[in-house]
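Chain residues, written in single-letter form:
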Amino acid sequence: MSSPQDPLSPHGSPHGSSQGSPPGWEDDGFPLDETRERPALWLPDSGHALPAAPVEDPAEPPSGGKHRAPGPAAVGAPLSGDAATGELALGDLGAVGDPRAEARAAERESDREADREPGAGRGGKRAAEHSVDEGVLGSSAVMAAGTIVSRLSGYVRGILLAAALGTQMHADVFSIANTVPNMVYILLAGGVFNAVLVPQLVRAMKHDADGGEAYVNRIVTLATLFLGTVTVLLVVAAPWVMSIYLDDAFDSPQLAAQRESAVDFARYCLPQVFFYGMFVLLGQILNSRGRFGPMMWAPIANNVISVTVLVVYLTTFGPVAEDRQNAAFSTGRELLLGIGSTLGIVAQLVILVPFLRATGLRFRPRFDFVGTGLGRTFRLAGWTIGFVIVNQLAYTVVVRLASAGTTEAAASGELGTGYFVYSQAFLIMMVPHSVVTVSLTTAILPRLSAAAAESDLRAVADTLSSTLRTTLAFVVPAVTLVVVAARDLANLIWGYGAARDSFEVFVPSLVLFAPVMVLFTVHYMMLRGFYALEQTRRVFLVQCVIAVVNIGAAVLLVRRANLYDTAPALVLAYGCAYAVGAALSYAVLSRTLGGLHTGRTAAFLARLLPAVLVAAAIAWVVRLQVVDLLPDQPSPVLAAGVLVVVGLLYLVLVLLLARLLRVREVNDVVSTVVRRVRR
């Protein structure tokens, strides 16, 4: 256990004190020390980084296309997405598994990138900054590629799920039960695994004589015992667990069969808690040893299994009939969907095992937990655990409110929206975040950590503000396109099978999520700065404010909304929470760092927004003209055609206007893509 007076690090290695650290950096009770300076896997300017911690949330996480664990910014957000929390190696990385060899190779690649840039070697600040940004963008492009593949396979699963189960209570029963394991895992262990264990694993590998192997064995042993015990207890307590997340209406005799289906699904799915935990833990061990690829690509196996299960389901049982979209499930349907979902999570864990063996690690159970540094690990987790609890409390309220939307609609015979609509719309709107924001923030993490370790607050601010502008250059145009073509997008994604006549229920939520994603992005980026400074207490306090706003707004708006608008009301509540969260986190971090180049960012937005809005207006007019030529209820194929036409026109207009208005961040992104394609 470490303290300012303790001459040993958590793993028994000497370390320095926090003298000279900027004021406020000790606010978590753990001053920064030199063990943070250039961690073992820090690769200068290459973008090879440990995954942002905690994920992704909704952010990035253990499941494949099924749902994604909410990251630090995901208060009240549905779980969605994939586990792409690692990254692929780039350049000429030889001797995979040897961090020093990888670092040398990455440095050579970074030098070559710098040499290729115009003005390299001239010593100008502009040339250096441009080279740094190119390194981040190049690394992020490779990470984004893996995320896109995983996301696409996950969206196929979402399409099949809507086609099989529809959009009403029938779909909500399965979706909520299948989400609960992820929620419980995050509540019990997710924050600790993602936010705390990664830096501890790196420190152990760097300072321990055995390269951290004993520390890893203790962590794996402890996690196996804890997760195994908790999982067994959860399966036994499935009825009580589900009562937390389901609306009270499920306790009525009229919905007894539906409630029993939810409990049955929970029993089949709750074992996922164990496999989620072990997947994230083993994946982070691989990440700490420089093997980023497996954790990014393994979730694709989960998606493949999930898609296979749904194809079998549709072949065997067919889409749910319209008059059964609020009914319970038969035993056969429960077995296929429930066990099939869990098998997918098992598969993505099993895939990691051979890669762990290839690193030379040999797992042996160790029970000597006392006096080995684990105490500091869990003390470091204190604020993160509180943070996760706050998130999950807010999300539990959201799930209960969402379940009421379809439950009450079933009783009244109306068309309602609930958890399935809310979560699926969120999953689609998280595409820019997962593909761009997470990749960029993962790539800048080593640079932020190095700057923080050197007490260089200006470098932290420069990196964050530059990456924020680059991220918004992607996100703002992407979400605006969704607003323009929301109906066509909903038709293309959900206009099949049981959801064919009700895909339009997704449109309001998609449109409302668009501006929310911009706010979410700003807040997410600010959290990277707080984590680089190890200010987890401040993150916790900010998230408490967000959770309170989200809960209050959700309760108020849902009570005033009709059943059809339940999901859109929850989106508005989410937006209110992140309007407050983004403003608060930005203000606090800006004050801590002595500024975040707010003027430069405002000038960037003043150039970007006109380009995006003019392009969107023209694309909208063209879309209306194209739609007039189509039937009143166009097929998904025709909707895809509209998307292609409108999307390409919009993209070209944004790029042209961005060049005319000299939006440098957009131009840099285009230049990077063109240069890499030409290679």
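Residues numbered from 1 in each chain as written. Predicted model: local features only at pLDDT ≥ 70, side-chain atom pairs only at ≥ 80, totals over all residues. Heavy atoms only, no water.

1. Brief notes about the overall build of the protein
Looking only at helices and strands, one finds 23 helices and zero strands in the protein. When the accessible surface of the protein is split by element, carbon and sulfur atoms take 66% of a total near 24,200 Å². (Helix = DSSP H or I, 4+ residues; strand = E, 2+ residues; numbered from the N terminus. Areas by Shrake-Rupley, 256 points an atom, 1.4 Å probe, with all protein chains shown as cover.)

2. Regarding helix α9 (residues 299–317)
Between the first and last C-alpha of α9 there are 27 Å, a value that for 19 residues agrees with the 27 Å anticipated at 1.5 Å per step. In the stretch just after α9, G318 is the one whose phi turns positive, near 75 degrees. (Expected span 1.5 Å × (residues − 1).)

3. Examining the side chain of S585
Within the secondary structure layout, S585 lies in helix α20 (residues 566–593). A polar contact is formed between the side chain of S585 and the backbone oxygen of G581, at a distance of 2.8 Å. Here S585 is in contact with H523, M526, F530 and V542, once residues within four sequence places are set aside. (Polar contact = N/O pair within 3.5 Å; in protein donor to acceptor, adjacent residues only side chain to side chain. Contact = heavy atoms within 4.5 Å.)

4. Looking at helix α18 (residues 507–532)
The terminal C-alpha atoms of α18 lie 38 Å apart, and with 26 residues this matches the ideal 38 Å at 1.5 Å per residue to within 8%. Approximately 35 degrees is the largest bend angle found in α18, and it occurs at A514, with the proline P515 only one to four residues beyond. With 20 of 26 residues buried, α18 is to be regarded as a mostly interior element. Downstream of α18 by a residue or two, E534 has a phi angle that is positive, lying close to 60 degrees. (Bend = angle between axes of the 7 residues up to and from the residue. Buried < 20%, exposed > 50% of the residue type's maximum accessible area, 1.4 Å probe, protein only.)

5. What about a nonpolar patch on the surface?
Taken together, the side chains of L187, L188, F226, I385, I389 and L393 define a hydrophobic patch exposed on the protein surface, amounting to about 470 Å² of accessible area. Elements with a minimum of two residues in the nonpolar patch: α3 (169–207) and α13 (382–412). Per-element accounting of the nonpolar patch gives the leading share, three residues, to α13. In this structure L188 comes out as partly exposed when scored by relative accessible area, which is 34%. (Patch = residues over 30% accessible without salt bridge, like charges linked within 9 Å, V, L, I, M, F, W, Y side chains within 5 Å. Salt bridge = Lys/Arg side-chain N within 4 Å of Asp/Glu carboxyl O.)

6. Some points on the nonpolar core
L510, F513 and M517 are the most contacted members of the largest nonpolar core, which totals 159 residues. No other element matches α18, which puts 15 residues into this core. Ignoring anything within four residues of it in the chain, the contact list for L510 reads A425, I428, M429, V482, A486, L489, A490 and W494. (Core = buried A, V, L, I, M, F, W, Y, C linked by side-chain atoms within 4.5 Å.)

7. Focus: the side chain of S261
Here S261 shows up in helix α6 (residues 256–269). For S261, a relative accessible area of 1% gives the class buried. Once residues within four sequence positions are removed from consideration, S261 is found in contact with V173, A328, F329 and E334.

8. Structural notes on the pattern of salt bridges
Here the structure, examined in full by the defined rule, presents six salt bridges. Residue D251 is joined to R259 by a salt bridge in which the shortest nitrogen-to-oxygen separation is 3.3 Å. Owing to a relative accessible area of 54%, D251 belongs among the exposed residues under this scheme.

9. Notes on the environment of R333
Within the element layout of this structure, R333 appears in helix α10 (residues 331–350). Linking R333 and F317, residues 16 residues apart in sequence, is a C-alpha distance of 7.9 Å. Other than its neighbours up to four places away in sequence, R333 contacts F265, Y313 and F317. A distance of 3.2 Å separates a polar atom in the side chain of R333 from a polar atom in the side chain of S330.

10. A closer look at the packing of helix α14 (residues 419–429) against α18
One way to put it is that α14 packs onto α18 with a least axis distance of 9 Å and a crossing angle of 50 degrees. The angle between α14 and α18 falls in the class oblique. Regarding α14 and α18, the two cross each other, and that crossing is right-handed. Along its contact with α14, which presents V421, Y422, A425, F426, I428 and M429, the element α18 presents S509, L510, F513, A514 and M517. Of the residues assigned to the contact of α14 with α18, the class counts are ten nonpolar, one polar and no charged. (Axes fitted to C-alpha atoms, helices over the stretch in contact; angles between N-to-C directions. Parallel < 35°, antiparallel > 145°, perpendicular 65-115°, else oblique. Left-handed = near helix turned anticlockwise from the far one by under 90°. Nonpolar A, V, L, I, M, F, W, Y, C, P; charged D, E, K, R; others polar.)

11. Here's the deal with the packing of aromatic side chains
Following the criterion strictly, the structure yields 16 aromatic pairs and no others. Pairing F174 with F265 gives two aromatic rings, centres 5.1 Å apart and planes at 70 degrees, and the pair type is edge-to-face. You can see F174 sitting in helix α3 and its partner F265 sitting in helix α6, a full 91 residues away along the chain. Both rings, one in F420 and one in F506, keep their centres 6.3 Å apart while their planes meet at 70 degrees; by these two values the pair is edge-to-face. On the criterion of sequence distance, the pair formed by F420 in helix α14 and F506 in the loop between α17 (486–494) and α18 is long-range, its members being 86 residues apart. Like F420, the residue F506 is buried in the burial classification. Through a chain of ring-to-ring contacts, the aromatic side chains of Y422, F426, F513, F520, Y524, Y574 and Y578 assemble into a single cluster. Directly above the ring of Y524 sits R528, whose terminal nitrogen or CZ lies 4.4 Å from the centroid. (Phe/Tyr/Trp six-rings, centres within 6.5 Å; stacked < 30°, edge-to-face > 60°. Lys NZ or Arg CZ within 6 Å of the ring centre and 35° of its normal.)

12. So, unusual backbone geometry
In this structure, H597 takes a positive phi of about 55 degrees despite not being glycine. With respect to the element layout, H597 can be found in the loop between α20 and α21 (598–627). Assessed through its relative accessible area of 23%, H597 is described here as partly exposed. Positive phi, close to 60 degrees, is recorded for R662, a residue that is not glycine. Within the fold, R662 resides in the loop between α22 (636–660) and α23 (664–678).

13. A word on the environment of A498
Secondary-structure assignment places A498 in the loop between α17 and α18. Taking C-alpha positions, A498 is 7.8 Å from T167, a pair spaced 331 residues apart along the chain. Look past the residues within four positions of A498 in its chain and what remains in contact with it is A162, A163, A164, L165, G166, P319, V320 and Q325.

14. Some details on the packing of α14 against α20
Remark: α14 packs on α20, axes separated minimally by 8 Å, with the N-to-C direction vectors making an angle of 50 degrees. Relative to α20, the element α14 lies oblique. Two packed elements cross with a definite hand, and for α14 against α20 that hand is right-handed. Listed contacts from α20 to V421, Y422 and F426 of α14 are A567, L570, V571 and Y574. The class makeup of the residues in the contact of α14 with α20 is seven nonpolar, no polar and no charged.

15. A word on the confidence of the model for the protein
On average, residues of the protein score 76 in pLDDT, and 72% of them reach the 70 mark or higher. Per-element averaging of pLDDT across the protein places helix α1 (residues 99–116) at the bottom with 39 and α20 at the top with 95. Long-range and interchain partners of residues 1–73, a stretch whose pLDDT sits below 50, account for 294 contacts in this model, where long-range means more than four residues apart. Note on residues 79–132: pLDDT under 50 across the span, and 128 contacts to partners over four residues away in sequence or across chains. (pLDDT = per-residue confidence, 0-100.)

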